[in-house]
Structures are given as C-alpha cells and as structure tokens.
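The primary structure of each chain is shown beneath.
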Amino acid sequence: MLLSAHQRSNVLKAVILDPTSPEDLAFNQQFCPSVKLFAPTTDDAAELAQLLPGASVIVSKRRAVTGELMDLAGESLKLIHLWSGRRDKLDLAAAKTRGLTVSLTTQIGCVAVAEMALTLMLGLSKKVIQAHEAVVEGRYRELGSEPVLTAERRHGFQWMRLPKLFELQGTTLGLIGMGEIASETARFARAFRMNVQYWNRRRLAPEIEAEEHLTYCELPDLLASSDFVSIHTPHTPDTDKLLSAERLAMMKPSAYLINTARGGIIDEVALTEALRSGALAGAGLDVYVYEPTPFDNPLLHLSGVNLMLMPHIGGGSGETRVKQARDSMANLERLATGQPLIEVLVEGGRS
C-alpha cells in the first residue's frame, strides 16, 4: 500500500489497543517517528473508544480486533497491524469486508526460544553432547580404531559407533501450550517434516489449526503418542508440576522431554527418576526450578543418559525488546513514508 505525497504530509495516527504505560509508548514511538502513537492505559473500553476515531492504523498485541473497533476508527483506517505471527484475535472477514490491509510481525523473542527447542531436539537425536565428548577424549582408541587418511570414498563414518541416532523427519512433536512460541516451534518442526500436535487449555479455532497445520490432542493422548514433548505454557499455580510423575509415566520410553518455558512446570525429582530408570529416553532443558541450577541437582549427575542441559539462553541475544519493538513498528513507519509493507496477510483496497 503506497500513500500519496499529500497523505504523507500529515502525521498518521496509530492506536495500540492493549493497555500501555507512557514509558512503553514512548519506547515504541522512537521506532516510528512519522506516526503518532496512542494507547489506553487501562482495559477500560470507553477509554479505547475515545482514542480510535481518526486512526489510520490499529495495532494489537493481545486484544481482539473486532469489526466494531474497526468502525470506531472510521474511514481513516487503512491498516491493522498485529504484534504477532498469528491472527487468532482478528476478525479477518470484517477486515476484508472493509477493504483493510492486515500485516503481522514475527516476534524475534519467540523465534529465539523456538530455535532453542529445535536445537535441543536435534542435539538429542544426534547425541551431540556424547559425540563431542567422545571426539575430544579420543575414545575411538577404546574401540581399537586407528586414524586413517580420508578421501572421497575412504572415511571413518560413525567411528564412535554411537547407538540409536535418528532423524527428526517422521517423528511426532507434541506441544503443551499453543502460544506464539509454540507456533514458531511448530513451523520449524514442519520444516524438518515432523508431525505436530498440541494441547492447550483453550483449543484454537478450526481455521487457525488448518492454517498452522496443527492437530489437537487431549493431554494424556499427546503424552502417549509423541516422540518429543515440548513445553510452551506459562508457569502458573495450575501448571506447577504439570509434568508430574504420573504424567511422565504416560510418555513412551523412547520419547524425549523438552522444556524451554519454566522449570517448575516439571517435577524435577520425578524427571530425574524417569531418566535414571530408563522410563524416558532423554530430555533437553533450558530452564530449571532454581536458576542457576544448583551443582548438587541430581539431574546434573546422571550417567549414561541422553541429556542436554543449557543455561537458560533460549530468550535471544539480550536485545529482544528493542528488536521486537523495531520490527513491530516498521510497518507503521513504512505506511507513513509510502514504502511497501512487509509480512502482509491481506492487501486491502483503502487508500
């Protein structure tokens, strides 16, 4: 969508639907200087209704974008921008009927955590920790092997004879929780040709499941049928030790548990015992009940277990807030300065 020079001469008004502090509003404003940002400070619908008239852009993080809100903005409305990689809370039909453009923002922080989840799955499938240690310590000597000069048709494939390596392709990933991080994890998993199923307290709408290529399962079924179970739910009183000894026992002995959410969602004592006994094939953890996890945590001293333990690095580079605000405000600035928009879901007809 390109604006005329006359349209660009006036500073565009954009309204963030979600309650936003003055400090956060000012932080976001720096990334779209050609736009004037407004946002309610509370969830009060009346406050939001006063802000919307005359808005050229509606921005939403979590608040539902309804046809009613679009109409409150009026004929000035050109763009609905979702601070999200999914469009769950948008009335897409209403946006199309009104000729509005809809764009998204893939959240870099969610991508970073999803990358960590896939890193753990890949590392476990290839026994990366054990393989590295074997190479560094020269354990080939224990197998009676000797170094041989390699060539195109002469090499030492699998010289450490690591058992039970496998590919992610064709395996089933079960996602516990289905927020934005889980969505990004599912997208990565599909690139590896994994089958993806999920459980969430509130099931997604059928059209979102279809768009995201997701299959819904009740939690016991998900645990029993998944090769990898990856946790993506918030840690609340309801989810504390959600993965209890009883639920861990529902998983296949060949399955792996991945946690990039919060440590308290798993019963660490029960997980340690399941790994020690062979009731689970392994686990990949980036989060723990205590962080840093104490050196005497029994998880750290399991032997002969396919285990990857990371120091909670899945959140990204440390500049996530800046990157997410910059990326999320980019289309607002592009609209105001007449540049083509990015991550467009629907191209509207209003100009």
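Please read these numbers as outputs of a predicted model, since none were measured by experiment.

Colleague: Would you take a moment to explain the nonpolar core for this structure?
Modeller: The tendency in soluble globular proteins is for nonpolar side chains to be buried as a group. Ranked by size, the top nonpolar core spans 55 residues in total, and within it Met-121, Ile-176, Phe-228, Leu-243, Leu-257, Leu-271 and Leu-275 carry the most contacts. The element that contributes the greatest number of residues to this core is helix H6 (residues 108-125), accounting for six residues. One finds Leu-52, Leu-90, Leu-100 and Val-102 within the second-largest nonpolar core, a separate group that totals 22 residues.

Colleague: Sorry, what's going on with a positive patch on the surface here?
Modeller: A contiguous patch of positive charge on the surface is contributed by Lys-61, Arg-62, Lys-89, Arg-201 and Arg-202. Along the chain, Arg-202 turns up in the loop between strand S7 (195-199) and helix H9 (206-212). Here Arg-202 falls in the exposed class, since its relative accessible area comes to 57%.

Colleague: Would you mind going over the sheet that holds strand S1 (residues 12-16) with me for this structure?
Modeller: Whether parallel or antiparallel, the strands of a sheet pair through hydrogen bonds between backbone atoms. Pairing in this open sheet of six strands is mixed, and the strands run S2-S1-S3-S4-S5-S13 from one edge to the other. Only two strands of the sheet have a single neighbouring strand rather than two, namely strand S2 (35-38) and strand S13 (344-346). Direction aside, neighbouring strands of the sheet carry axes that sit 25° apart on average. With four bridges joining them, strand S3 (residues 57-60) and strand S4 (residues 79-82) adopt parallel strand pairing. Looking at the pairing, Val-59 lines up with His-81 of S4. Against the sheet, helix H2 (residues 22-29) contacts S1 and S2, and its axis sits at roughly 160° relative to S2.

Colleague: For this particular structure, what's the right way to read the layout of surface pockets?
Modeller: Vacant regions in the atomic arrangement are exposed by a probe of water-molecule size rolled over the atoms. Here the second largest pocket is characterised by a volume of approximately 570 Å³. As for the second largest pocket, its lining consists of 27 residues, and the residues nearest its centre are Gln-130, Gly-304, Val-305, Asn-306 and Leu-307. For the lining of the second largest pocket, the elements supplying multiple residues, two or more each, are helix H7 (128-136) and strand S12 (306-309). Looking at which element gives the most residues to the lining of the second largest pocket, the answer is S12, with four residues. The residue inventory of the lining of the second largest pocket, partitioned by class, reads 16 nonpolar, six polar and five charged.

Cut-offs and rules
- Residues numbered from 1 in each chain as written.
- Predicted model: local features only at pLDDT ≥ 70, side-chain atom pairs only at ≥ 80, totals over all residues.
- Heavy atoms only, no water.
- Core = buried A, V, L, I, M, F, W, Y, C linked by side-chain atoms within 4.5 Å.
- Buried < 20%, exposed > 50% of the residue type's maximum accessible area, 1.4 Å probe, protein only.
- Helix = DSSP H or I, 4+ residues; strand = E, 2+ residues; numbered from the N terminus.
- Patch = residues over 30% accessible without salt bridge, like charges linked within 9 Å, V, L, I, M, F, W, Y side chains within 5 Å.
- Areas by Shrake-Rupley, 256 points an atom, 1.4 Å probe, with all protein chains shown as cover.
- Salt bridge = Lys/Arg side-chain N within 4 Å of Asp/Glu carboxyl O.
- Lys, Arg positive; Asp, Glu negative; His and termini not counted.
- Charge placed at Lys NZ, Arg CZ, Asp CG, Glu CD.
- Pairing = 2+ DSSP bridges.
- Axes fitted to C-alpha atoms, helices over the stretch in contact; angles between N-to-C directions.
- Contact = heavy atoms within 4.5 Å.
- 1 Å grid on protein atoms, 1.4 Å probe; cavity = no way out; pocket = protein on both sides within 12 Å on 5 of 7 lines; lining within 4 Å.
- Points joined across faces, edges and corners; volume = space filled by probe spheres on them.
- Nonpolar A, V, L, I, M, F, W, Y, C, P; charged D, E, K, R; others polar.

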